[in-house]
Amino acid sequence: MKFNNRNVFISSSVKIGNNVRIGDSTVIYDNVVLEDNVTICNDCVIGEPRNEYYSDVNYQNPPTIIGKNSMIRSHSIIYANSTFGEGFSTGHRVTIRENSKFGKFCRIGTASDIQGHVEFGDYCWLHSNVHIGQKSTIGNFVFIYPYVVFTNDPHPPSNICVGPKIGDFSQVAVGTVVLPGVQIGRHCLIGAQSLVGKDVEDYQLVAGNPAKVLKDVRDLRSRETGKSHYPWPYTFDRGMPWDDIGFEKWKNDNGYIND
Amino acid sequence: MKFNNRNVFISSSVKIGNNVRIGDSTVIYDNVVLEDNVTICNDCVIGEPRNEYYSDVNYQNPPTIIGKNSMIRSHSIIYANSTFGEGFSTGHRVTIRENSKFGKFCRIGTASDIQGHVEFGDYCWLHSNVHIGQKSTIGNFVFIYPYVVFTNDPHPPSNICVGPKIGDFSQVAVGTVVLPGVQIGRHCLIGAQSLVGKDVEDYQLVAGNPAKVLKDVRDLRSRETGKSHYPWPYTFDRGMPWDDIGFEKWKNDNGYIND
Amino acid sequence: MKFNNRNVFISSSVKIGNNVRIGDSTVIYDNVVLEDNVTICNDCVIGEPRNEYYSDVNYQNPPTIIGKNSMIRSHSIIYANSTFGEGFSTGHRVTIRENSKFGKFCRIGTASDIQGHVEFGDYCWLHSNVHIGQKSTIGNFVFIYPYVVFTNDPHPPSNICVGPKIGDFSQVAVGTVVLPGVQIGRHCLIGAQSLVGKDVEDYQLVAGNPAKVLKDVRDLRSRETGKSHYPWPYTFDRGMPWDDIGFEKWKNDNGYIND
């Protein structure tokens, strides 16, 4: 049904690997690299030129690299000068601005808006409609739920831009706002619709407006099992690199020995 | 001005009723049924294949049925295997994933994101940018305002998926988050920007973060009239099936005798 | 790279100034005016007909005027019967409904949703994903941050529509909801994720759910400098008309003598 090569426009400088599929009405601009087995669905724009394009007649589009086995769903816009590790995937209508760096196996949900100048580790999963402001730094295995916003201007409007930083394995639940420069540790759980204005230590559950520390996530008790679901890597492995060997073995083999 | 049949691609298996209009650059995939008087505007995708399409060479697209007199506005994406009752309408850039079932005369606002595996009754009105997680169940005459999110994972990340359930005639105001598995009764009013973590009885006004019961909606008093606007069907009839006969008569004729 | 005139469709009644660029797959409907040096990027719809088009065979599209030096980024939809002053710009996938009036040098971020029947002054900057309900009135130099919602129905659902009104130089931080009919003064700062249900006097900092007055913005102290960043026009001039002469001189020359 799909991939009929209708209205596809690809710059002659694009490098295309083996078994790449490109959907109808998609445009791919200069100096994009699509590695093997990449799928770009319909109506996407890949390598969108930076703003300088509109004013600089000598503008050269910087490279954009989409790693192998990636899937970009329809109507997404990815600006030039970004790098995406293997197994990257998006929902529909994602916007990713310039100078974004994603590790391996990241997923970005429908309508999410990555403002550029950001860095993500591996296996970060963003759900729908997440907004990541410039200068944010996100570790590995970080999950961010719908309508979360990472901000960066402490005194709006100003020219200061200090994004949040968030550590490995942390979870940010739906509707939460993380204020400029806030540092969130590893294995944290930020409750739904929180306003996070202070740094958060490792393993803390915080929630509320303004957000307060409630307890250590390891002390959360499930009503069903009486045990804590956290640290979650011991209890959740779908799509994770430890899904066949378990987190206990994986962490020792992969430098996460203290997690 | 519109409907000039430019760049329209329609699968040969699509069934098209009388007086159907299809906008430019729209794609309609296998096994979609468009009933009489349906309008699909520009740049839409109808019957988007499910994820299995990308991996299964024998994939067959399940049917998608758009009821008569429906209007799908531009840039919307509707996945296969959903059913929409008559008089369905959407704003622009709506996403509706697979296995969604809508009753009659539902309206979904611009940029709303229906995650699939959901069921709506009749006359549900969703405003812009509403996010409905999988396994949500919504009754009849439910109105949901912008940036409301229905969630479904009680211990993120997990493989548990328990959506909220909301009863007939209830209203969920702007920016509210409904937590996994929460059951909201009939004729409720959920205030703006609430975080709803507990079940809500019929006719309750709840609000706040976390949400608390404030009063019975029938005890709300308008500053202008001194009377309660609720239950709202007695005071609002625009677009409702009781708009010519009044709710009192309609409810007795239609099985809502206790409302 | 861009502006190759592929699949561009322009009504014969459109008036196009000098040095106008129109991106691929863009549609421009009847009676749009594009003044000099306007750029409309790919996949846009300009002059989208109002709903009456679908039912009225004699429908005439009202005029839509895009001021000189404006930039509309890709996938945006602008309805007919709106006016945009010079230097207007948008991000991607913006929706602007009918009867919207914007002054000079306004900027609307990606995915923002302007519901129409609204009026903005000059130099208003809206970030991504801002939702402005009908009948809102926004002054000059007003900055609105992501996921802010302006609402207008005090007793949902009703036929009453009273939008908020917000004065010159005010700032509304991320995730805030402004309730129907609320009047916000000049030079206010509304904190992140606030629920604003009461009118706000000039120069007030308000925040919280529900929002409360915290202090005069002039009494806010920067941890770095010990001084207040507010009124911000004295300390921020990027893109502002006082960027070469300073706010002190500019305000006396331009009728803002008391600011």
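Residues numbered from 1 in each chain as written. Chains lettered and ligands numbered in written order. Predicted model: local features only at pLDDT ≥ 70, side-chain atom pairs only at ≥ 80, totals over all residues.

Colleague: Quick question: what am I supposed to make of the overall build of chain A here?
Modeller: Scanning chain A from N- to C-terminus turns up one helix and 30 strands. Its C-alpha atoms give chain A a radius of gyration of 19 Å, within 12% of the compact-globule value 18 Å for 259 residues. Seen along its three principal axes, the alpha-carbon backbone of chain A occupies a region of about 60 × 50 × 30 Å. When burial is assessed residue by residue, chain A has 55% of its 259 residues classed as buried. Pairs at least 24 apart in sequence give 23% of the contacts found in chain A among residues at least 6 apart. (Helix = DSSP H or I, 4+ residues; strand = E, 2+ residues; numbered from the N terminus. Rg over C-alpha atoms; globule rule 2.2 N^0.38 Å. Buried ≥ 20, exposed ≤ 12 C-beta atoms within 10 Å, placed from the backbone. Contact = placed C-beta atoms within 7 Å.)

Colleague: Any chance you could explain the sheet that holds strand β20 (residues 137-138) of chain A here in plain terms?
Modeller: Pairing between the strands of a sheet comes from backbone hydrogen bonds, and it takes one of two forms, parallel or antiparallel. Residue and element names in this part refer to chain A. The parallel open sheet is built from nine strands, whose spatial order is β2-β5-β8-β11-β14-β17-β20-β23-β26. Only two strands of the sheet have a single neighbouring strand rather than two, namely β2 (15-16) and β26 (183-184). Here β2 runs beside strand β5 (residues 32-34); their pairing, made up of two bridges, is parallel. Bridging from a neighbouring strand, Lys15 pairs with Val33 of β5. (Pairing = 2+ DSSP bridges.)

Colleague: Could you clarify how one ought to interpret the relation of the copies chain A and chain B in this entry?
Modeller: Both copies of the chain are related by a screw-like operation: a rotation about an axis and a shift along it. Under the fitted operation, chain A is carried onto chain B by 0.0 Å of movement along the axis and a turn of 120 degrees, and the coordinates agree to an RMSD of 0.0 Å. Here the two chains are linked by the operation of a three-fold rotation axis. For chain A, the minimum C-alpha distance to the rotation axis belongs to A:Asn209 and amounts to 4.3 Å. Little of the interface of chain A is mirrored in chain B, where only 19% of its interface residues are also at the interface. (Least-squares fit on C-alpha atoms with pLDDT ≥ 70 in both.)

Colleague: What should I look at first to understand the interface of chain C and chain B in this one?
Modeller: One widely used convention gives an interface's size as the accessible area the parts lose upon coming together. Between chain C and chain B, the residue contacts involve 29 residues of the former and 30 residues of the latter. Grouping the amino acids of the side of chain C that touches chain B by side-chain chemistry returns 15 nonpolar, eleven polar and three charged. (Nonpolar A, V, L, I, M, F, W, Y, C, P; charged D, E, K, R; others polar.)

Colleague: Any chance you could explain the environment of A:Gln193 here in plain terms?
Modeller: With respect to the helices and strands, the residue A:Gln193 is situated in the loop between β27 (189-190) and β28 (195-196). Measuring from C-alpha to C-alpha, the distance between A:Gln193 and A:Lys215 comes to 17 Å, with 22 residues separating the pair along the chain. Beyond its immediate stretch of four places on either side in the chain, A:Gln193 contacts A:Gly175, A:Thr176, A:Asn209, B:Val177, B:Leu195 and B:Asn209.

Colleague: Is there a simple way to explain the nonpolar core in this structure?
Modeller: Ranked by internal contacts, the top residues of the largest apolar core, which has 213 residues, are A:Ile190, A:Val196, B:Ile190, B:Val196 and C:Val196. Filtering out sequence-adjacent residues up to four positions away, B:Ile190 remains in contact with B:Gln171, B:Val172, B:Ala173, B:Thr176, B:Ile184, B:Val196, B:Val206 and B:Ala211. (Core = buried A, V, L, I, M, F, W, Y, C linked by C-beta atoms within 7 Å.)

Colleague: Would you mind going over the environment of A:Arg221 with me for this structure?
Modeller: All names here are of chain A. Locating Arg221 in the fold gives a position in the loop between β30 (212-216) and α1 (247-253). Residue Arg221 is classed as exposed on the basis of its 10 C-beta neighbours within 10 Å. Counting along the chain gives 34 residues from Arg221 to His187, while the straight-line C-alpha distance between them is 16 Å. Sequence-distant contacts of Arg221, that is, excluding residues within four places in its chain, are made with Gly226, Lys227 and Ser228.

Colleague: Honestly, the sheet that holds strand β7 (residues 45-48) of chain B in this entry has me stumped. Any pointers?
Modeller: Across the sheet, ten strands lie side by side as β1-β4-β7-β10-β13-β16-β19-β22-β25-β28 (chain B); this open sheet has parallel pairing. Looking at strand neighbours, the two that pair on one side only are β1 (9-10) and β28 (195-196) of chain B, the edges of this open sheet.

Colleague: Whenever I open this one, the pairing of strand β29 (residues 204-207) of chain B confuses me. Can you help?
Modeller: Consecutive side chains of a regular strand alternate in pointing toward one face of the sheet and then the other. Residue and element names in this part refer to chain B. Where burial is concerned, the two faces of β29 agree: the one with Gln204 and Val206 and the one with Leu205 and Ala207 are both buried. With four bridges connecting them, β29 and strand β30 (residues 212-216) associate as antiparallel partners. Across the sheet, the residue bridging to Ala207 is Lys212, located in β30. Hairpin connection, β29 to β30: the antiparallel pair is bridged by four residues, and Gly208 has positive phi, about 105 degrees.

Colleague: How should unusual backbone geometry be read in this particular structure?
Modeller: Among all residues except glycine, the phi angle is most often negative; among peptide bonds, the trans geometry is most common. Here the amide bond leading from A:Pro156 into A:Pro157 is cis, since omega sits at -10 degrees, within 30 degrees of zero. For the bond running from C:Tyr230 to C:Pro231, omega is -5 degrees, close enough to zero to count as cis. Mapped onto the elements of the fold, C:Pro231 is located in the loop between β30 (212-216) and α1 (247-253). Residue A:Arg93 is not a glycine yet carries a positive backbone phi of 60 degrees. Within the secondary structure layout, A:Arg93 lies in the loop between β12 (89-90) and β13 (95-96). Residue A:Arg93 is classed as buried on the basis of its C-beta count, with 29 C-beta atoms lying within 10 Å.

Colleague: I keep staring at the confidence of the model for chain A and nothing clicks. Help me out?
Modeller: Detailed conclusions should not be drawn from predicted coordinates in areas where pLDDT is low. Per-chain confidence: chain A averages 97 in pLDDT, with 100% of residues scoring 70 or above. Our summary of model confidence lists the complex with pTM equal to 0.97 and ipTM equal to 0.96. (pLDDT = per-residue confidence, 0-100.)

Colleague: What should I look at first to understand the environment of C:Ser13 in this one?
Modeller: All names here are of chain C. Within the secondary structure, Ser13 is located in the loop between β1 (9-10) and β2 (15-16). Considered as a pair, Ser13 and Val33 are 20 residues apart in the sequence and their alpha carbons are 8.9 Å apart. Apart from the residues lying within four places of it in its own chain, the contact partners of Ser13 are Asp30 and Asn31.

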